[in-house]
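# Observations on the model geometry
Read off the chains here:
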Amino acid sequence: MHCYKIAVIEGDGIGREVVPQGMGALEAVGRRSEISFAWTHFDWSCERYLKVGRMMPQDGLDQLRGFDAVYLGAVGYPGVPDHISLWGLLIPLRRAFQQYVNLRPVRLLGGVESPLNSFPPREIDLCIVRENNEGEYSEVGGRLYRNTEAELAVQESIFTKHGCDRILRYAFELARSRKRHVTSATKSNGIIHTMPFWDERFAAVAKDFPDVRTDSYHIDILSSHFVLHPDWFDVVVASNLFGDILSDLASAVVGSIGLAPSANLNPERQYPSMFEPVHGSAPDIAGKGIANPIAQIWSGAMMLEHLGETTAAQLVEKAVERVLLRSDVRTPDLGGKATTSDVGQAIAEEIAGMK
Ligand SMILES: NC(=O)c1ccc[n+]([C@@H]2O[C@H](COP(=O)([O-])OP(=O)(O)OC[C@H]3O[C@@H](n4cnc5c(N)ncnc54)[C@H](O)[C@@H]3O)[C@@H](O)[C@H]2O)c1
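Residues numbered from 1 in each chain as written. Predicted model: local features only at pLDDT ≥ 70, side-chain atom pairs only at ≥ 80, totals over all residues. Heavy atoms only, no water.

## Observations concerning the packing of helix α9 (residues 294–306) against helix α10 (residues 310–326)
- One way to put it is that α9 packs onto α10 with a least axis distance of 7 Å and a crossing angle of 160°. Of the possible angle classes, the one that applies to α9 and α10 is roughly antiparallel. Considering how the two elements wind past one another, α9 and α10 form a crossing that is left-handed. Listed contacts from α10 to Ile294, Ile297, Trp298, Ala301, Leu304 and Glu305 of α9 are Thr310, Ala312, Ala313, Val316, Glu317, Val320 and Leu324.
- Looking at side-chain class alone, the contact of α9 with α10 contains 10 nonpolar, one polar and two charged residues. (Axes fitted to C-alpha atoms, helices over the stretch in contact; angles between N-to-C directions. Helix = DSSP H or I, 4+ residues; strand = E, 2+ residues; numbered from the N terminus. Parallel < 35°, antiparallel > 145°, perpendicular 65-115°, else oblique. Left-handed = near helix turned anticlockwise from the far one by under 90°. Contact = heavy atoms within 4.5 Å. Nonpolar A, V, L, I, M, F, W, Y, C, P; charged D, E, K, R; others polar.)

This is how it looks when you write it as structure tokens:
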């Protein structure tokens, strides 16, 4: 029996509703797979920020260092500016722990209707590999002449050779375990320094993977292709901002953002990796008990995969698919009437009863 030490940060809004369902699914799979979890809860959130002025304690990162993984809901809530919640918790964690890969699978599951409606299940099955440590989300820049007519803001993007090469290399390696096709998201026509550099690094890294087919599209037409031809793609590698936007778009294409999981990976395993849904804290539905917990549960499956528990991960994914395919237990974002806990419970029961 292996026991994994998991740090749990429910965060804000629906994070507090979907994380318990994710833990329930993981507990259910643990009971049949000779694995268990030692959960340690951290109340790091906007609520905490409002009380004590910090999203997490000063030594927060040190407190997390010894865990096998971090299981996160979402942060952000009205009353606390979004840049505070993001830069006070999520981004420092991704950076300090060198979680430079943000892996976001996108799959049309059986039993879910895509708004595009013309693709059979699994015909859409791609993976977005988002650079997670640098790019457009940088602290370099500033404001001048505040509160005058001359006020200005400068925001620098940071693209390093090291940062580009390691994410591109990860994407190519991943493609080798899939359909051997990598698409790069660029914008080298409009952004004349960083994006041509990204293209150059893409071409250079591609040379080491002659068995992998490559494509490159500007982000504007790539967005259009995601809607009209999502079946064209296998692995899509993108900078921090482009990857962030593409993954919300892709989640809509496969039915709901409530189905989109994500992993913040430190592939070298020097630090804990972090698993969280693509979605945020959804203040508009928080407290109503109707948030779809599947993105959180699927993120838990990604955590199992990362921990080397492939069979257990597959069990969770299969249970999600079966519940969607064989029952009408689904939350309102998928056209159903079920609550967050109805869906969580149905998936946990499916896991427990699966042959
Ligand atoms: N990783 C994170 O913690 C993260 C990511 C994105 C946004 N945020 C934060 O979340 C807050 C809200 O941001 P937003 O509104 O732009 O994005 P959001 O993802 O929270 O919500 C967008 C829309 O999708 C719906 N939605 C999201 N998750 C859902 C689910 N599981 N089931 C059903 N519907 C769901 C919401 O109801 C809302 O209408 C902000 O404070 C933002 O900064 C945090």
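## Thoughts on the site of the ligand
- The environment of the ligand is made up of 21 residues, and the closest members are Asp82, Gly280, Ala282, Asp284 and Asn292.
- At 2.8 Å, a backbone N or O of alanine 282 approaches an oxygen atom of the ligand.
- Contact with the protein chains hides 72% of the accessible area of the ligand, taken as 810 Å² for the molecule alone.
- Residues of the shell around the ligand, tallied by class, amount to 11 nonpolar, six polar and four charged. (Near = heavy atom within 4 Å. Polar contact = N/O pair within 3.5 Å; in protein donor to acceptor, adjacent residues only side chain to side chain. Areas by Shrake-Rupley, 256 points an atom, 1.4 Å probe, with all protein chains shown as cover.)

## Re the pattern of salt bridges
- Applying the stated rule across the entire model yields 18 salt bridges.
- Note that arginine 201 is salt-bridged to aspartate 165, the shortest N-O span being 2.8 Å. Placement of the pair is arginine 201 in helix α6 (residues 194–206) and aspartate 165 in helix α5 (residues 161–176), with a sequence separation of 36 residues.
- Under the relative-accessibility criterion, aspartate 165 is labelled buried at 16%.
- Within the structure, one salt-bridge network assembled from shared partners comprises Arg107, Asp125, Arg178, Asp234 and Glu317. (Salt bridge = Lys/Arg side-chain N within 4 Å of Asp/Glu carboxyl O. Buried < 20%, exposed > 50% of the residue type's maximum accessible area, 1.4 Å probe, protein only.)

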